[in-house]
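Close look at the chain arrangement
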Amino acid sequence: SQTIHQWPATLVQPVGSPLSLECTVEGTSNPNLYWYRQAAGRGLQLLFYSVGIGQISSEVPQNLSASRPQDRQFILSSKKLLLSDSGFYLCAWSPTTETQYFGPGTRLLVL
Amino acid sequence: GIQVEQSPPDLILQEGANSTLRCNFSDSVNNLQWFHQNPWGQLINLFYIPSGTKQNGRLSATTVATERYSLLYISSSQTTDSGVYFCAVAPFDAGNNRKLIWGLGTSLAVNP
């Protein structure tokens, strides 16, 4: 069966520090991968998606970037965090055009 | 772009009650999904339902694509049903499920 992992689970970082969040998927190959952010409140905002190694599409201009160095690895990064980067970051994968499956998420607090 | 509106925004039920959650969308879609986010943040897919009706235990969903709405029914609610229910859609030009547009969710609290 397929599983998706995210780490770290929680993170507290000072403003201006770098960021690296990792997501890995097991039990499948060539998945579509997604990064979402959920701010206080409830809505999910799609940040990046990837259909293959090295193929990244950005949905929202910001100081974040994403990379996919391996087929089942998706990394979210920032060189300098802003206060507004605080939130709940969710990684998801999808095998087909149908459903998306989500990881447990990373709670990021920028102080 | 396509707009997704969910109602009600908040709902409080007594255990055992039934409820209906609604999702309206402003344009034709080729993908509609319902998700449940539990109080710890985990998002679980409930239904992939761009049209028609599906049932899974106490939950069922109906999408009337021509009228641009979907309904999620919860029967005999339990405290474990608490959390936020999201509707997410992809317009016809999204291409391969890459761009789900999310509603703001319905926050459900089921009291014992």
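Reading the values: rules and limits
- Residues numbered from 1 in each chain as written.
- Chains lettered and ligands numbered in written order.
- Predicted model: local features only at pLDDT ≥ 70, side-chain atom pairs only at ≥ 80, totals over all residues.
- Heavy atoms only, no water.
- Helix = DSSP H or I, 4+ residues; strand = E, 2+ residues; numbered from the N terminus.
- Contact = heavy atoms within 4.5 Å.
- Phe/Tyr/Trp six-rings, centres within 6.5 Å; stacked < 30°, edge-to-face > 60°.
- Buried < 20%, exposed > 50% of the residue type's maximum accessible area, 1.4 Å probe, protein only.
- Lys NZ or Arg CZ within 6 Å of the ring centre and 35° of its normal.
- Buried area = accessible area lost by both parts, 1.4 Å probe.
- Salt bridge = Lys/Arg side-chain N within 4 Å of Asp/Glu carboxyl O.
- Polar contact = N/O pair within 3.5 Å; in protein donor to acceptor, adjacent residues only side chain to side chain.
- Core = buried A, V, L, I, M, F, W, Y, C linked by side-chain atoms within 4.5 Å.

Residue and element names in this part refer to chain B. Relative to the helices and strands, Leu108 is located in strand β11 (residues 106-111). Separated by 29 residues in sequence, Leu108 and Thr79 place their C-alpha atoms 9.6 Å apart. Discounting chain neighbours no more than four positions away, the residues touching Leu108 are Leu11, Leu13, Ile74, Asp81, Ser82, Gly83 and Tyr85.

Turning to the packing of aromatic side chains, a few remarks are in order. Applying the stated criterion to the full structure yields 9 aromatic pairs over all chains. Judged by centre distance (5.6 Å) and plane angle (90 degrees), the ring pair of A:Phe102 and B:Phe35 falls under edge-to-face. With A:Phe102 in strand β10 (residues 101-102) and B:Phe35 in strand β4 (residues 29-37), this residue pair bridges two chains. By the burial criterion, A:Phe102 is buried, and B:Phe35 matches it. Centre to centre, the rings of B:Phe86 and B:Trp102 are 5.8 Å apart; their planes meet at 75 degrees, and the pair counts as edge-to-face. In this pair, B:Phe86 is assigned in strand β9 (residues 83-91) and B:Trp102 in strand β10 (residues 101-102), connecting sequence segments 16 residues apart. With respect to class, B:Phe86 is no different from B:Trp102; both count as buried. Clustering of aromatic rings is evident, with ring pairs tying together A:Tyr34, A:Tyr36, A:Phe102, B:Phe35, B:Phe86 and B:Trp102. Residue placement shows A:Arg107 over the ring face of A:Phe88; its charged tip is 4.1 Å from the ring centre.

Here we take up the interface of chain A and chain B. With 23 residues of chain A at the contact, the number on the chain B side is 24 residues. When chain A packs against chain B, close to 1900 Å² is buried across both sides, 51% of that on carbon and sulfur atoms. Where chain A meets chain B, there are 0 salt bridges. The interface formed by chain A and chain B includes 5 residue pairs in polar contact (both at pLDDT 80 or more).

One finds B:Trp34, B:Leu72 and B:Val89 to be the most contacted residues of the largest nonpolar core, which totals 22 residues. Only β2 (10-14), β3 (19-25), β4, β5 (43-48), β7 (59-64), β8 (69-74), β9 and β11 of chain B provide two or more residues apiece to this core. Apart from the residues lying within four places of it in its own chain, the contact partners of B:Val89 are B:Ile2, B:Val4, B:Phe25, B:Val29, B:Asn31, B:Leu32, B:Lys99, B:Leu100 and B:Ile101. Of all hydrophobic cores here, the second largest spans 19 residues; its members include A:Leu64, A:Phe74, A:Leu76 and A:Leu81.

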